[in-house]
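Listed below are the residues making up each chain.
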Amino acid sequence: MFCLDEKIKEKGTAVALGYFDGIHIGHKMVLTKALQKAKEKNLVPIVMLFDVHPRKLISGKVPPMLTSEERKREILINMGFTVVDFNFREAMDYSPNEFIEKIIVEKLNAKAVSCGFDYHYGKGGKGNADTMREELRKRNIEFFSAEPVSLGREVVSSTEIRRLISEGRIERANAMLGEYFSYDFVVKKGDGRGRTIGVPTINQFFPQDFIVPKYGVYASMTKVDGKVYPSVTNVGTRPTVSKDSMRSETCILDFSGNLYGKKVQVQLIKYLRDEIKFPDIEALRQAIERDIVIARKVYKEVKENG
C-alpha cells in the first residue's frame, strides 16, 4: 500500500477518484472540484493512480488507453495534484465500507472527495456515488459527484471518445477531450523512403494497449523540444510502398533534425482522407504535397482561433 507524508496526513486531503483515462472534460469537472476544495479548506489535492487497470483483474479485458500513464501523471501534476500510486490488488477485495474506511479515511485522511456520477468502488464494484455520499456524510467528509457532461446528444465518456477516434471523427473526440488527442511515443528508424521523395518523416509505433486511430491521413501538430510545428500524419500500413507493420508516420513541416530515440508528441487535429494505395511513388508524392497544403491551412486556423 502507499504511505503519505506525515505533514500531508496532518493537513488532510481533497481526493479526486477515478481512472481518468484521457482526462476528458467530464474528468476535469471532478478534478477541478477537488482543486477548489483543496484551496478553500487548505487541503492537499490528491489523485490516486492504479498500478493496473481494475478491469484487467476483474474481467481480464482492458479497453485501449487514450493517454499513456506517463502523460496522465504529467497532466495531473501540472494541474497541481499530488499523485499517489495505489496497488489495486491489495484492496480489490475490500467491501465498499472497507474501501472508504481503510483508504479514504485512514490512508488518505480525506476531508473532501469528488468523483464522477458513474464511479464504482469496493469488491465487485458494489459501491457507487450514492453509497459513497451517504457513508462520507456520516463521517463529516464533504462529497461532490459530477453530473454527466454532454456534447449534443452524446454523453462524454472515455468509451465514446475511443469510438470516435477509431472512426476518424477526431475533431469530435478532441471536443470531448478538451484538447487534441495526442501520443508521445519514441521515434524509431524507418526505411528512409520519405526522405528520398522530399518528405522526410518520423516513425512511431502504437503500444498494444493504446487506442489506434482510424487508418488515414491527418492534419497534425508535432511538439519538438517545446516548440510546436505543423505536420501531416499517416496512420496505417503504407500500402503504396509496403504492407508492413502499422505505424504513425509524420512529416514535420519547417523542421530539420535527427529525432531517433526521442519521445515526440504528435497531436491529431483533423482527418483529411483515407489511406489508399497509389499507382506509383510519384502519385503518392503528389498526394502528400496536397495534404501538406491543407495541413498548413488547418494549422493556421488553429493558431488564429487560439
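Scope of this entry: the structure provided in the associated data block.

Definitions and limits used
Counting starts from 1 at the beginning of each chain's written sequence and moves along it residue by residue. Owing to the predicted nature of the model, reporting of local features is limited to residues with pLDDT of at least 70; listing and counting of side-chain atom pairs is limited to 80 or more, with chain, interface and lining totals taken over all residues. Neither water nor hydrogens contribute to the side-chain values; these are computed over all heavy atoms in the structure. Secondary structure counts use DSSP, requiring at least four H or I residues in a row for a helix and at least two E residues in a row for a strand, with both numbered from the N terminus. When a residue's accessible area, from a 1.4 Å probe over protein chains only, is under 20% of the maximum for its type it is buried; when over 50% it is exposed; and in between it is partly exposed. His is not counted here, nor are the chain ends, while Lys and Arg score as positive and Asp and Glu score as negative. Taken as the charge centre is NZ of Lys, CZ of Arg, CG of Asp or CD of Glu, depending on the residue. Regarding the arc, it is the one traced by the directions from the helix axis to the C-beta atoms. Residues are treated as being in contact if the distance between any of their heavy atoms lies within 4.5 Å. In this description, a nonpolar core means a group of buried Ala, Val, Leu, Ile, Met, Phe, Trp, Tyr and Cys residues linked to one another through side-chain atoms lying within 4.5 Å. For this analysis, a ring pair means two rings from Phe, Tyr or Trp (six-membered ring only for Trp) whose centres lie within 6.5 Å, classed as stacked if their planes differ by under 30 degrees, edge-to-face if by over 60, and tilted for the remaining angles. One side-chain nitrogen of Lys or Arg within 4 Å of one carboxyl oxygen of Asp or Glu is enough to make a salt bridge. Paired strands, as defined in this entry, are two strands with at least two bridges between them according to DSSP. To get an axis, fit a line to the C-alpha atoms, keeping to the stretch in contact for a helix; angles then go from 0 to 180 degrees between the N-to-C directions.

**Observations concerning the overall build of the chain**
Of regular secondary structure, the chain possesses ten helices and 15 strands. By principal-axis analysis of the C-alpha atoms, the chain measures approximately 70 × 40 × 40 Å. Here the chain holds 306 residues, and the buried ones make up 50% of them. Charged side chains of the chain number 50 positive and 41 negative; the gap between the two group centres comes to 2 Å.

**Points about helix H4 (residues 69-79)**
For H4, every residue scored as buried is listed here: Arg 71, Lys 72, Ile 75 and Leu 76. Taken down its axis, H4 places every buried residue within 130° of arc, on the same side. The outward face of H4, more than 90 degrees from its buried face, is lined by the exposed residues Glu 70 and Asn 78. Buried-residue contacts for H4 involve helix H2 (25-41), strand S2 (44-50), strand S3 (82-86) and strand S15 (265-273). Of the residues trailing H4, Gly 80 is marked for its positive phi of about 120°.

**Considerations on the nonpolar core**
Among the nonpolar cores identified, the biggest contains 28 residues, and Leu 17, Phe 99, Ile 104, Val 113, Met 132 and Leu 136 are the most heavily contacted of them. Sorting the residues of this core by element identifies S2, S3, helix H5 (96-107), strand S4 (110-116) and helix H6 (129-138) as the ones contributing at least two each. In contact with Phe 99, other than residues within four places in its own chain, are Met 48, Tyr 94, Ile 104, Tyr 119, Tyr 121 and Met 132. The next biggest cluster of nonpolar side chains, apart from the first, holds 22 residues, and it includes Leu 164, Phe 206, Val 266 and Tyr 271.

**Notes on the packing of aromatic side chains**
The geometry of an aromatic ring pair is captured by two quantities: the separation of the ring centres and the angle between the planes. Counted by the stated rule, this structure contains eleven aromatic pairs. Note on Phe 181 and Phe 210: the rings are 6.2 Å apart at their centroids and 35° apart in plane angle, and the pair reads as tilted. Taken together, the positions of Phe 181 in strand S10 (residues 181-183) and Phe 210 in the loop between strand S11 (202-204) and strand S12 (216-224) put the pair 29 residues apart, joining distant regions of the chain. A single burial state applies to Phe 181 and to Phe 210, both of which are buried.

**Overview of the pattern of salt bridges**
Summed over the entire model, instances satisfying the criterion amount to 27 salt bridges. Of the charged contacts in the structure, one is a salt bridge between Glu 134 and Arg 137, with a shortest N-O distance of 2.6 Å. Here Glu 134 pairs with Arg 137, and both are found in helix H6, just three residues apart, close to one helical turn. According to the relative accessible area criterion, Arg 137 is exposed, its value standing at 53%.

**What to know about the sheet that holds S3**
Pairing is parallel in the open sheet, where five strands are placed in the order S3-S2-S1-S4-S7. Only two strands of the sheet have a single partner each, and these edge strands are S3 and strand S7 (142-146). Ignoring which end each strand starts from, the neighbouring axes of this sheet average 25° apart. Direction of pairing for strand S1 (residues 13-16) relative to S4: parallel, over a ladder of four bridges.

Function-wise, these values are silent; they only describe arrangement.
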